[in-house]
Amino acid sequence: MSSDEDEEAVALVLDVGSYYMSYGVSGEDTPGFTKLATSTLEGTLDGKAPIHKGKLVDKERMDDVIKMAVEDVGIRPEDKYLLMSNPTTMSNEDKAALLDITFEGHSFPGCLTISQASLGLYCSGNSSGISLDIGYHQTTVVPVYEGYPLIGCPSILTSPISGVQIDELMKKLNPTLKGLSDDDMTSIKKGLCQVSETAMSSQIETREFELPDKSKISVGDEARFATELLFSPHHFGVKSPGCQELIYNSLHKVDPDGHKDLISSVLPMGGTTRIPGFSKRLELELLGVLNHEFKVLNQSESDKEHMKWIGGSIVAELSTFQEMWVFRSEYEEEGPERMVKKKLLF
């Protein structure tokens, strides 16, 4: 690029979770690549996810992930900016480390990290709302107003309710599942799990399910019963509010004047929210705790899978975001900590 500011940002967009990661070029409808977060440059699956429960836990692995994305997408870093999603609960120290990794290890002319909650809402066509992100290791509820998550506000809540807890509960209910891998359990959740409209529902018949390796296993009512953890965790000894209560608690830590804008767009995110029946049950549970009209956003299946990445793809192409990029010249002159406080406000 001829200069930092004169060129429109066309970026490599990278979304790294604790289970999956996606990357590709901005302006596209879907990422070019989706891999397990443990994928390595050598093509194995024995790496460590660089981000875990909102924290950057392995800088070297994050550097490798960026290298892998550059190689797989086939770009020249000096010709593209880098846009990364970040967990909303990520510390400023970790955001500064992401800038260090970007500019010290790679030749990108500019970088931007944006909250996953904000990116999800941009994907849905909204800039204000509440995101309910049920990840592989934790759930995070984030109020977002006009594109900005309310960072530093007590309204951002986390819970141990997660995809892996559902896995563990299913294995407890059906001991024959205990030897299955994370990938096997994810396949079962995608293929058999469902969320009932009420806690007391008819049982599911035991069914035979084919795993990725073509072996078969019998799965019964645990495929429905385990998902009750999402709304009634106390029934399973988990000391956490259910999803509906997390949203209620988050909302009531925000100025009442903002309630209407926030609950007009309640956005479920994460693979667990794709389980059939989840959005309907969430609506029914929220009816019991909210006194205002609300809307649970229901994205298409393709958008649900890559919501944060799609939001990043959109944002990277918007002229209104150009002043938010951290340029290499600024980074070198002012340092990563100052850049985080000055620009990375998402």
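This text goes with the structure placed above it.
Please read all numbers here as calculations on a predicted model, not as lab measurements.

Chemist: Before we go on, may I ask you to explain the packing of aromatic side chains in this structure?
Modeler: Both the distance between ring centres and the angle between the ring planes are used here to describe each pair of aromatic rings. This model, assessed by the stated rule, comprises nine aromatic pairs. Judged by centre distance (6.1 Å) and plane angle (65°), the ring pair of tyrosine 81 and phenylalanine 327 falls under edge-to-face. With tyrosine 81 in strand β6 (residues 81-86) and phenylalanine 327 in strand β15 (residues 326-327), this residue pair connects regions lying 246 residues apart in the sequence. On the basis of relative accessible area, phenylalanine 327 is assigned to the buried category, the value being 6%.

Chemist: In this structure, what is going on with the side chain of lysine 189? I would like to understand it.
Modeler: On the secondary structure map, lysine 189 appears in helix α5 (residues 182-191). Lysine 189 sits in the buried class, given a relative accessible area of 9%. Not counting chain neighbours up to four residues away, the residues in contact with lysine 189 comprise Gly163, Ile166, Asp167, Met170 and Ile275.

Chemist: Could you clarify how one ought to interpret the pairing of β6 in this entry?
Modeler: As a general feature of sheets, a regular strand has side chains that alternate between the two faces. Counting buried positions over the six residues of β6 gives six, a clear majority of the element. Side chains Tyr81, Leu83 and Ser85 of β6 all project onto a buried face; the interleaved residues Leu82, Met84 and Asn86 project onto the opposite face, where all are buried too. Bridging between strand β1 (residues 11-16) and β6 involves four bridges; their strand directions are parallel. If you follow alanine 11 over to β6, its bridge partner there is tyrosine 81.

Chemist: When you look at the sheet that holds β1 in this model, what are you seeing that I'm missing?
Modeler: Two strands in a sheet stick together by hydrogen bonds in their backbones, pointing the same way (parallel) or opposite ways (antiparallel). Strand order in the open sheet formed by six strands is β3-β2-β1-β6-β7-β15, and the pairing between neighbours is mixed. Both edges of this open sheet fall to β3 (33-36) and β15, since each of them pairs with a single strand only. With four bridges joining them, strand β2 (residues 20-25) and β3 adopt antiparallel strand pairing. If you follow tyrosine 20 over to β3, its bridge partner there is leucine 36. Sitting on the sheet, helix α2 (residues 92-105) is in contact with β6, β7 (110-115) and β15, with an inclination near 150° to β7.

Chemist: What's the story with the pattern of salt bridges in this structure? I'm lost.
Modeler: This structure, assessed with the given rule, holds 13 salt bridges. Lysine 308 is the salt-bridge partner of aspartate 133, the closest N and O atoms lying 2.8 Å from each other. Placement of aspartate 133 in strand β8 (residues 129-134) and of lysine 308 in helix α11 (residues 307-316) is noted, with a sequence separation of 175 residues between them. Look at aspartate 133 and you get buried, because its relative accessible area is 11%. Among the ionic pairs, glutamate 228 bridges to arginine 281, the shortest N-O distance being 2.6 Å. Highlighted residues: glutamate 228 in the loop between α6 (222-225) and α7 (243-251) and arginine 281 in helix α9 (residues 278-287), separated in sequence by 53 residues. Judged by relative accessible area, arginine 281 falls into the buried class, the value being 1%.

Chemist: Could you clarify how one ought to interpret the state of the cysteines in this entry?
Modeler: A covalent bond bridging the sulfur atoms of two cysteines is what the word disulfide describes. Within this structure, the stated rule accounts for zero disulfides. Counting only cysteine sulfurs, cysteine 243 is the nearest neighbor of cysteine 153, a cysteine outside any disulfide, at a range of 20 Å. Classification of cysteine 153 as partly exposed rests on a relative accessible area of 22%. Summary of cysteine pairing: cysteine 193 is not part of a disulfide, and the nearest cysteine sulfur, belonging to cysteine 243, is at 14 Å.

Reading the values: rules and limits
Residues numbered from 1 in each chain as written. Predicted model: local features only at pLDDT ≥ 70, side-chain atom pairs only at ≥ 80, totals over all residues. Heavy atoms only, no water. Phe/Tyr/Trp six-rings, centres within 6.5 Å; stacked < 30°, edge-to-face > 60°. Helix = DSSP H or I, 4+ residues; strand = E, 2+ residues; numbered from the N terminus. Buried < 20%, exposed > 50% of the residue type's maximum accessible area, 1.4 Å probe, protein only. Contact = heavy atoms within 4.5 Å. Pairing = 2+ DSSP bridges. Axes fitted to C-alpha atoms, helices over the stretch in contact; angles between N-to-C directions. Salt bridge = Lys/Arg side-chain N within 4 Å of Asp/Glu carboxyl O. Disulfide = S-S within 2.5 Å.

Shape is all these values report; function is a separate question.
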